Amino acid sequence: MSALFNFHSFLTVVLLVICTCTYIKMQFPAILEKRTGFRGFFWKAARIGERLSPWVAVGCFAMGISIIVF
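Note that the structure is predicted; figures quoted are calculated from it, not measured. (Residues numbered from 1 in each chain as written. Predicted model: local features only at pLDDT ≥ 70, side-chain atom pairs only at ≥ 80, totals over all residues. Heavy atoms only, no water.)

> Would you take a moment to explain the pattern of salt bridges for this structure?
Pairing is possible between side chains of opposite charge, provided their charged atoms come close. Taken as a whole and judged by the stated rule, the model has two salt bridges. One salt bridge in this structure joins Arg47 and Glu50, with 2.9 Å as the shortest N-O distance. Highlighted residues: Arg47 and Glu50, both in helix H2 (residues 38-51), separated by three residues, approximately one helical turn. Residue Arg47 is classed as partly exposed on the basis of its relative accessible area of 24%. On the basis of relative accessible area, Glu50 is assigned to the partly exposed category, the value being 25%. Bridged by salt links that share partners, the residues Lys25, Arg47 and Glu50 form one connected network. (Salt bridge = Lys/Arg side-chain N within 4 Å of Asp/Glu carboxyl O. Helix = DSSP H or I, 4+ residues; strand = E, 2+ residues; numbered from the N terminus. Buried < 20%, exposed > 50% of the residue type's maximum accessible area, 1.4 Å probe, protein only.)

Below, the structure written as structure tokens:
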């Protein structure tokens with residue numbers, strides 16, 4: 001089943017995109033400098049990861065536990 005049709009998989013993909021974009025922005029800030037177009041989506045995901053990092057970390061932890069258990 002596609003990740004778009006399974007809500008659990010969709011949340012996992014969204015959390016991984018946020019975490020990955022935040023990591024890339026910290027390591028290579030020039031890649032996500034543009035705030036418009038296609039790269040603008042990844043810039044916004046990185047901003048979410050920066051500003052809500054404790055909540056994103058809790059979400060990643062909860063998602064990992066739910067994947068292991070269920």
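> Is there a simple way to explain the environment of Val17 in this structure?
Within the secondary structure, Val17 is located in helix H1 (residues 7-27). Counting along the chain gives 20 residues from Val17 to Gly37, while the straight-line C-alpha distance between them is 17 Å. For Val17, the contacting residues outside a window of four places in its chain are Phe41 and Ala45. (Contact = heavy atoms within 4.5 Å.)

> Got a minute to help me understand the UniProt feature "transmembrane region" (unreviewed entry) in the protein chain in this structure?
In the numbering used here, UniProt assigns the feature "transmembrane region" (unreviewed entry) to residues 6-24 and 52-69. What you have in residues 6-24 is 95% helix and 0% strand, and the ends, taken at the C-alpha atoms, are 27 Å apart. Along residues 52-69 the backbone is 94% helical and 0% strand, and the end-to-end C-alpha distance reaches 26 Å. (UniProt positions renumbered as here; feature names shortened; annotations may be inferred.)

> Looking at this model, I keep getting lost on the packing of H1 against helix H3 (residues 53-69). Mind explaining?
For the pair H1 and H3, the least separation of the axes is 10 Å and the interaxial angle reads 140°. When the axis of H1 is compared with that of H3, the two are oblique. Judged by the twist between their axes, the crossing of H1 over H3 is left-handed. Between H1 and H3, the contacting residues are His8, Leu11, Thr12, Leu15, Ile18 and Cys19 on the first element and Val56, Gly59, Cys60, Met63, Ser66 and Ile67 on the second. Of the residues in the contact of H1 with H3, the class split is eight nonpolar, four polar and no charged. (Axes fitted to C-alpha atoms, helices over the stretch in contact; angles between N-to-C directions. Parallel < 35°, antiparallel > 145°, perpendicular 65-115°, else oblique. Left-handed = near helix turned anticlockwise from the far one by under 90°. Nonpolar A, V, L, I, M, F, W, Y, C, P; charged D, E, K, R; others polar.)

> For this particular structure, what's the right way to read the nonpolar core?
When a protein is soluble and globular, its nonpolar side chains tend to lie buried together. Counting eight residues, the largest nonpolar core is built from Leu15, Ile18, Cys21, Leu32, Ala45, Ala46, Val56 and Met63. Counting only elements with at least two residues in this core, the list comes to H1, H2 and H3. With three residues, the single largest contributor to this core is H1. Not counting the four nearest positions on each side in its chain, Ala46 is found in contact with Cys21, Thr22, Lys25 and Leu32. (Core = buried A, V, L, I, M, F, W, Y, C linked by side-chain atoms within 4.5 Å.)

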